[in-house]
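Observations on chain architecture
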Amino acid sequence: MHVLIPEIVLTGHHAVYLDRIVEAALTVADKVTIAVRTPDASSSLVAKLQEQYKNRLEVFGLDLEMEPSRIRLVGTLVREWRCYIWLKRAFAIVDARQKVDFVFVPYADYCPHAIGLMGSPFSDRPWGGISMRASFHWHKTGIGPKPSLAAVREMLFRLFLANAELLRLFVIDEMLVSYLRGSAGKLRYLRDPAELQIHQDRLAARTALGVPLESKVVLVYGAISSRKGVDALLDCFSNENAPRNFHLLVVGKQDPRDPLRERLRTLELKDQAGITVIDKYVDDFQEQLVFSATDAVWLGYREHYAMSGVLVLAAKARRPVLGTAKGLIGYYIKKNRLGRAFDVDNSAEVRSALDWLSAGTEEKFGFEGMEGHTWGNFREAIAALLKEKFNGSTWSP
């Protein structure tokens, strides 16, 4: 069996997902071809995969220009059209070299509306994928505000889901699965995976990071930008009546164009500012270190209603979350008792959450509710899809 895995972007979680999806596919398939944009064909990830899987893995590079448009709607339509054509061309070229039996798209949100309107870009071949960005249901499920053109987006998504060749669509939003009950045959909830095992002693981790041993340490982790609501936390810390036993640990690559970066840098240079900044992506060992040193994890997002991998990491580390009451973050904090949820723009609520952390708590958290969010379960779901199709599935194109 020959499986094609096309991936247009290889940054951030896209690279991690591709790595695990290739691993899962090769537990079932004889051969996998990954199609990427031409510059990514020589990336370190692709080189690693080629070395690991030898002649069972082929790599195909194809150019794709993604020019931005000043008009948002026009830009979205043009981008989807270009992605659709790229997927169609990549499939045609790879299939001409060796017949493709199945296509798995790690990020099906590149062009769902185009697929809904024009059909599968993979001819009559069965395919599956993962969707992470659907938002048309937010206002109806209490997750977030009504997006623009919600009814049109829903209609096109339903057409996308009804595609005859689509065997399975995984989504990381369980509310979407509940909302689209009538499409449950193709739609499956796939828990957003993350793994973290804490082996470091808290005091030893703080010593290694240069973090005060007796402080309450709040971690901001991942891609660092203003959308994480860090300014609300900084404002609370800078208040003259703020508790003085807090230390802020900011770990992750910062956006150089974001004014937050300059504010963090200014605070870090001040004596007794109560902040440590690590402006880079960290490896697995360093990730363990920063979570070991932490008392709580900050997820005070603004205008972000989707899932957060850092939320899962916090639960795996058994560290409570201080986060927005909105979106899936707020939903899981409240559902699984993962910490405190609040309105990030309400300073009194932010201060109340910090006071709760400062006072200490005997509260019983529900971290075990996130235990199913593992890479093992993720790989098994992908492999099971391929086995279902090629070991007697009732589905046929």
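Residues numbered from 1 in each chain as written. Predicted model: local features only at pLDDT ≥ 70, side-chain atom pairs only at ≥ 80, totals over all residues. Heavy atoms only, no water.

It is worth spelling out a nonpolar patch on the surface at this point. A cluster of nonpolar residues, W81, L117, M118, L149, V152, M155 and L159, forms a patch on the protein surface that exposes about 700 Å² of accessible area. It is helix α6 (residues 150-161) that contributes the most residues to the nonpolar patch, 3 residues altogether. Within the element layout of this structure, L149 appears in the loop between α5 (138-141) and α6. (Patch = residues over 30% accessible without salt bridge, like charges linked within 9 Å, V, L, I, M, F, W, Y side chains within 5 Å. Areas by Shrake-Rupley, 256 points an atom, 1.4 Å probe, with all protein chains shown as cover. Salt bridge = Lys/Arg side-chain N within 4 Å of Asp/Glu carboxyl O. Helix = DSSP H or I, 4+ residues; strand = E, 2+ residues; numbered from the N terminus.)

Moving on, we come to helix α1 (residues 13-25). Look at α1: 18 Å from first C-alpha to last across 13 residues, which is about the 18 Å you get at 1.5 Å a residue. Along α1, the positions that sit buried rather than exposed are H14, A15, Y17, L18, D19, I21, V22, A24 and A25. (Expected span 1.5 Å × (residues − 1). Buried < 20%, exposed > 50% of the residue type's maximum accessible area, 1.4 Å probe, protein only.)

Further remarks concern the side chain of E287. Relative to the helices and strands, E287 resides in helix α11 (residues 284-292). Buried charged residue E287 carries no salt bridge. Nearest counter-charge: R20, at 9.1 Å. (Lys, Arg positive; Asp, Glu negative; His and termini not counted.)

Okay, the confidence of the model for the protein chain next. Here the protein chain shows a mean pLDDT of 90. Residues at 70 or above account for 93%. No element of the protein chain has a lower mean pLDDT than helix α10 (residues 259-269), which averages 84, and none a higher one than strand β4 (residues 102-105), which averages 98. When the criterion is pLDDT under 50, residues 392-397 qualifies, and its contacts beyond four places in sequence or with other chains add up to 9 contacts. (pLDDT = per-residue confidence, 0-100. Contact = heavy atoms within 4.5 Å.)

Take the packing of aromatic side chains next. On inspection of all chains with the given rule, the structure shows 19 aromatic pairs. Seen from their ring centres, Y221 and F291 are 5.1 Å apart, and the 70° between their planes marks the pair as edge-to-face. With Y221 in strand β8 (residues 216-221) and F291 in helix α11, this residue pair connects regions lying 70 residues apart in the sequence. Grouping residues by exposure puts Y221 and F291 together as buried. Through a chain of ring-to-ring contacts, three or more aromatic side chains come together here, namely F91, F122, W127, F136, F157, F160 and Y179. Over the ring of W375 we find R20; its NZ or CZ atom is 4.5 Å from the centre of that ring. (Phe/Tyr/Trp six-rings, centres within 6.5 Å; stacked < 30°, edge-to-face > 60°. Lys NZ or Arg CZ within 6 Å of the ring centre and 35° of its normal.)

To continue, consider the side chain of H14. Mapped onto the elements of the fold, H14 is located in helix α1. Here the side chain of H14 touches E7 through a polar contact of 3.4 Å, side chain to side chain. Among residues more than four places away in sequence, those in contact with H14 are E7, V9, Y107 and Y110. (Polar contact = N/O pair within 3.5 Å; in protein donor to acceptor, adjacent residues only side chain to side chain.)

Okay, unusual backbone geometry next. Here the phi dihedral of L149 falls at roughly 55°; this positive angle occurs in a residue that is not glycine. Positive phi, normally seen in glycine, also occurs at R337, with a value near 55°. By the element assignment, R337 lies in the loop between α13 (327-335) and β13 (339-342). Under the relative-accessibility criterion, R337 is labelled partly exposed at 37%.

Turning next to the pattern of salt bridges. Summed over the entire model, instances satisfying the criterion amount to 18 salt bridges. A salt bridge links K335 to E174, with the nearest nitrogen and oxygen atoms 3.3 Å apart. Here K335 is found in helix α13, whereas its partner E174 is found in helix α7 (residues 174-179), with 161 residues between them in sequence. For D235, the salt bridge is made with R263, and the minimal N-O distance between the two is 2.8 Å.

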